[in-house]
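Commentary on secondary and tertiary structure
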Amino acid sequence: MFDTGAVLELSGARLFMSAAGPADAPPILMLHGGLGSRHDFAPLSQMLCSSHRLLALDTRGHGRSTIGGLPLTYECLEQDLVEVIRRMNCGPVGLIGHSDGGIVALRVAASGHVPLRFVVAAGAHWDLKEDDPTRGLYTALTSDEWRQMFPSGVSSYEKENPEPDFERLFAAVKSMWLGAGSSAYPGETVRRIDCPLLAIRGDDDFLVSLENAVELIDRVKNARLLNIPFVGHDVFREGLPSLQPSLKTFLEHVDTG
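Each chain carries its own residue numbering, running from 1 in the written order of its sequence. Given that the model is predicted, a residue must reach a pLDDT of at least 70 before its local features are reported, and side-chain atom pairs must reach 80 or more before they are shown or counted; all residues, however, enter totals for whole chains, interfaces and linings. Think of the side-chain values as coming from all heavy atoms in the structure, minus any hydrogens and water.

Comments concerning the sheet that holds strand β5 (residues 93-98)
Short version of the rule: A pair of strands is considered paired only if DSSP assigns at least 2 bridges between the two. Put simply, DSSP marks the helices as runs of H or I at least four residues long and the strands as runs of E at least two long, and each gets a number from the N terminus on. The convention used is that axes are lines fitted to C-alpha atoms, helices contributing only their stretch in contact, and that angles between N-to-C directions extend from 0 to 180 degrees. Contacts: residue pairs with any heavy atoms within 4.5 Å of one another.
Strand order across the open sheet formed by 8 strands is β1-β2-β4-β3-β5-β6-β7-β8, with mixed pairing between neighbours. In this open sheet, the two edge strands, each paired with only one partner strand, are β1 (6-10) and β8 (223-228). If you compare each strand with its neighbour and ignore which way they point, the axes differ by 20° on average. Examined bridge by bridge, strand β3 (residues 27-31) and β5 share 4 bridges and lie parallel to one another. Counterpart to Leu29 in the pairing with β5 is Leu95. Contacting β7 (197-202) and β8, helix α8 (residues 210-219) runs over the sheet at an angle of about 160° to β8.

Following this line, the structure appears as structure tokens:
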């Protein structure tokens, strides 16, 4: 799944997007996490592809997408996504994002630039304060350590990216993680989100605290929190059997209004 697709050129980068599911079904755009790719949604896609039109995007620099010359920030990825949705011209779309993809989805929803049916944000920070322990983890992380932890992911990137440069990509993503200010995490702008929001968190997530997830849903109308026990940060891989019933119920509520 997601082996073929189309390339969209915008702001100096070439973004690759693949599709699956019925062309006339409600559209869902899927956004992977940092240093991942569209392939990360393969397990979830098996659950959704019969009832929804799935659009899996490789964000700037990832998968088959080139990085371009702009600084990599959450604001940059938000602007990319808004332009992609506008070019799709398919009416309100749903967003499912994991980690960085969830952060970008929150920014897009808060911006109000495009109509959204819903947002599902999994393992996503709405804010990352200066004293948050996660900043220390990001600061200490090296590209060599990432290669050791996720060798297959790095290998896949180096094989399929048209301009592979993992060291450059890692440095750009790490800078994005450590960013602050209006181009970084959405912060209090999440209060402007007016579409249904499902925030998903693994109870053993060492990056996104339960406090952070609760603070998010406290700030957003029509928001729900799904906290999954015995699951870590990668909820769509580790926790799919547990989250599937609740996600199905959420989508049914959205689809039926």
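Moving on from the model shown.
So, the environment of Glu78
Here is the rule we go by: Buried means the residue's accessible area, taken with a 1.4 Å probe over protein chains only, is under 20% of the maximum for its type, while exposed means over 50%, and partly exposed covers the values in between.
Structurally, Glu78 can be placed in helix α2 (residues 74-88). Using a relative accessible area of 8% as the deciding quantity, one classes Glu78 as buried. It is 13 Å that separates the C-alpha atoms of Glu78 and Thr189, two residues lying 111 residues apart in sequence. Excluding its chain neighbours within four sequence positions, the residues that come into contact with Glu78 are Val104, Arg107, Val108, Ser111 and His113.

As for helix α3 (residues 100-111)
Filter applied, for reference: Between the first and last residue of a helix there are one fewer steps than residues, each counted as 1.5 Å, and that sum is the expected span.
Taking 1.5 Å of rise per residue, the 12 residues of α3 would be expected to cover 16 Å, and the 17 Å separating its terminal C-alpha atoms lies within 8% of that figure. Counted residue by residue, α3 has 11 buried out of 12 residues, so it is predominantly covered. Those residues of α3 lying buried are Asp100, Gly101, Gly102, Ile103, Val104, Ala105, Leu106, Arg107, Val108, Ala109 and Ala110. Where α3 terminates, the next one or two residues include Gly112, which has phi positive at roughly 70°.

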